Amino acid sequence: MMLLLEEHLRRERERTESRQRELDEAAGLLAEVTSRTLGALDMRVEPLAGSVSPAVVNHLLRESRGMVRNFVLTVERGPALDESTVRANRERIERGDTQRAIYPADVLTTLAGQRWLGVWAEAGEDQRLLPATATEFAVFGESAVVALGGWDDPDSGYVLLRDPLVVRLYTDYFDLAWRYASPVPRGGAAGGDDDPRLVELLGLGIKDEAIARHLGVSLRTVRRRVSRLMAVNGVDSRFQLGWVLAERRR
């Protein structure tokens, strides 16, 4: 049994590493293409001053059609926090256009982040999490992308990208990340020792202290449940625990 488990874990690690390589390669390609496009001063690329960004986003929300794809680096800054943008975003969702968002897992570790997730989930946004996100952008249907001017630099400001190839690349990157992202754990306080939300949070690499805050329980309770789950399932690590419980739920 142990040898079988180890073989399954080896294969799971290989799949995880392969997925991460795909995301890293896609991110590298996007950063390079965006840099070249900006360097060429393409007329379909417009640097956005901080005061202009919300107005541009509002226009795209109201005038474009199709799915909005949000790849979020932080919920503490950026044009999405502008009140008029929030209204335009809600109106778009209400008229029936799908909105998907991928957030970094640490959004669960702050009250502001949890409130943000709750408000937009209630509004109708489809949400998933990655252990970390390295950049921020929004794709508006097939029309345009608003992205950071520097791939991993939140202080670089934003640019508006209209080149159809670049828009398609950002769309494909988002859709690839969406496949590998995890659903946002929902619900109130944690349940028993086999609470699936606890396992999901562990799988996202969130620390015990943050898990305790998110689930509304003590740090001691989180560590006790993790230890109990590992003992019951005969595993020695949290990675093994996550794999075993995920297999059991299939």
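Residues numbered from 1 in each chain as written. Predicted model: local features only at pLDDT ≥ 70, side-chain atom pairs only at ≥ 80, totals over all residues. Heavy atoms only, no water.

Caption draft 1: How the structure looks around the overall build of the protein. Scanning the protein from N- to C-terminus turns up 9 helices and 8 strands. Put simply, the protein has 250 residues, and 46% of those count as buried. Only carbon and sulfur atoms are counted for the fraction: they give 51% of the accessible area of the protein, which is about 13200 Å². (Helix = DSSP H or I, 4+ residues; strand = E, 2+ residues; numbered from the N terminus. Buried < 20%, exposed > 50% of the residue type's maximum accessible area, 1.4 Å probe, protein only. Areas by Shrake-Rupley, 256 points an atom, 1.4 Å probe, with all protein chains shown as cover.)

Caption draft 2: Structural view of the pattern of salt bridges. Inspection of the entire model under this criterion finds 9 salt bridges. Here Asp97 ties to Arg92 by a salt bridge, and the two come within 3.8 Å at their closest N and O atoms. Connected through salt bridges with shared partners, the residues Arg92, Arg95 and Asp97 form a single ionic network. (Salt bridge = Lys/Arg side-chain N within 4 Å of Asp/Glu carboxyl O.)

Caption draft 3: Quick peek at the sheet that holds strand S5 (residues 137–140). Pairing within the open sheet is mixed, and its 8 strands lie in the order S1-S7-S6-S5-S2-S3-S4-S8. One side of each edge strand has no neighbouring strand; the edge strands of this open sheet are strand S1 (45–48) and strand S8 (182–183). Across 4 bridges, the pairing between strand S2 (residues 68–71) and strand S3 (residues 99–104) is parallel. Looking across to S3, one finds that Arg69 is bridged to Arg100. (Pairing = 2+ DSSP bridges.)

Caption draft 4: Summary view of the packing of helix H2 (residues 53–63) against helix H3 (residues 83–94). In the contact formed by H2 and H3, the axes pass within 9 Å of each other and the chain directions differ by 10 degrees. One finds that H2 runs roughly parallel with respect to H3. Across the interface between the two elements, Pro54, Val57, Asn58, Leu60, Leu61 and Arg62 from H2 touch Ser84, Thr85, Ala88, Asn89, Glu91 and Arg92 from H3. Looking at the contact of H2 with H3 residue by residue, the classes come out as 5 nonpolar, 4 polar and 3 charged. (Axes fitted to C-alpha atoms, helices over the stretch in contact; angles between N-to-C directions. Parallel < 35°, antiparallel > 145°, perpendicular 65-115°, else oblique. Contact = heavy atoms within 4.5 Å. Nonpolar A, V, L, I, M, F, W, Y, C, P; charged D, E, K, R; others polar.)

Caption draft 5: Region of interest: the packing of aromatic side chains. A complete count under the given rule lists 8 aromatic pairs for this structure. An angle of 70 degrees between the planes, with centres 4.9 Å apart, marks the rings of Phe137 and Tyr170 as edge-to-face. Placement of the pair is Phe137 in strand S5 and Tyr170 in helix H5 (residues 164–180), with a sequence separation of 33 residues. An aromatic cluster is present here, built from Phe71, Phe137, Trp151, Tyr170 and Tyr173 joined pairwise through their rings. (Phe/Tyr/Trp six-rings, centres within 6.5 Å; stacked < 30°, edge-to-face > 60°.)

Caption draft 6: Representation of the confidence of the model for the protein. Per-residue confidence for the protein gives a mean pLDDT of 81, with 80% of residues at or over 70. Across the protein, element-level confidence peaks in S2 with a mean pLDDT of 97 and bottoms out in helix H1 (residues 2–39) with 64. (pLDDT = per-residue confidence, 0-100.)

Caption draft 7: Looking closely at the nonpolar core. By size, the foremost hydrophobic cluster in this structure holds 30 residues, and its most contacted members are Tyr103, Val107, Leu108, Leu129, Leu198, Ile206 and Ile211. Residue assignment for this core shows that the elements contributing at least two residues are S3, helix H4 (111–123), helix H6 (196–203), helix H7 (208–215), helix H8 (219–232) and helix H9 (238–249). Listed in part, the 26 residues of the second largest apolar core include Leu30, Phe137, Tyr173 and Leu176. (Core = buried A, V, L, I, M, F, W, Y, C linked by side-chain atoms within 4.5 Å.)

Caption draft 8: Structural context of the side chain of Thr133. With respect to the secondary-structure elements, Thr133 resides in the loop between strand S4 (126–130) and S5. A polar contact of 2.8 Å, which involves the side chain of Thr133, links it to the backbone oxygen of Val72. Discounting residues that sit within four places of it in the chain, Thr133 has contacts with Phe71, Val72, Leu73, Ile102, Tyr103 and Pro104. (Polar contact = N/O pair within 3.5 Å; in protein donor to acceptor, adjacent residues only side chain to side chain.)

Caption draft 9: Molecular detail of the packing of H3 against H4. Contact geometry for H3 and H4: axes closest at 10 Å, N-to-C directions at 35 degrees. Residues Val86, Asn89, Arg90 and Ile93 of H3 touch H4, and the partners they reach there are Val119, Trp120 and Ala123. When grouped by side-chain class, the residues that make up the contact of H3 with H4 number 5 nonpolar, 1 polar and 1 charged.

Caption draft 10: Expanded view of the pairing of S4. Where S3 meets S4, 5 bridges bridge the pair, whose relative direction is parallel. Directly across from Arg100, in S4, lies its bridge partner Asp126.

Caption draft 11: Molecular detail of the environment of Leu130. Following the sequence through the fold, Leu130 ends up in strand S4. Looking at Leu130, the relative accessible area reads 7%, which means it is buried. Apart from the residues within four sequence positions on either side, Leu130 is in contact with Phe71, Ile102, Tyr103, Pro104, Ala105, Ala177, Tyr180, Ala181 and Leu204.

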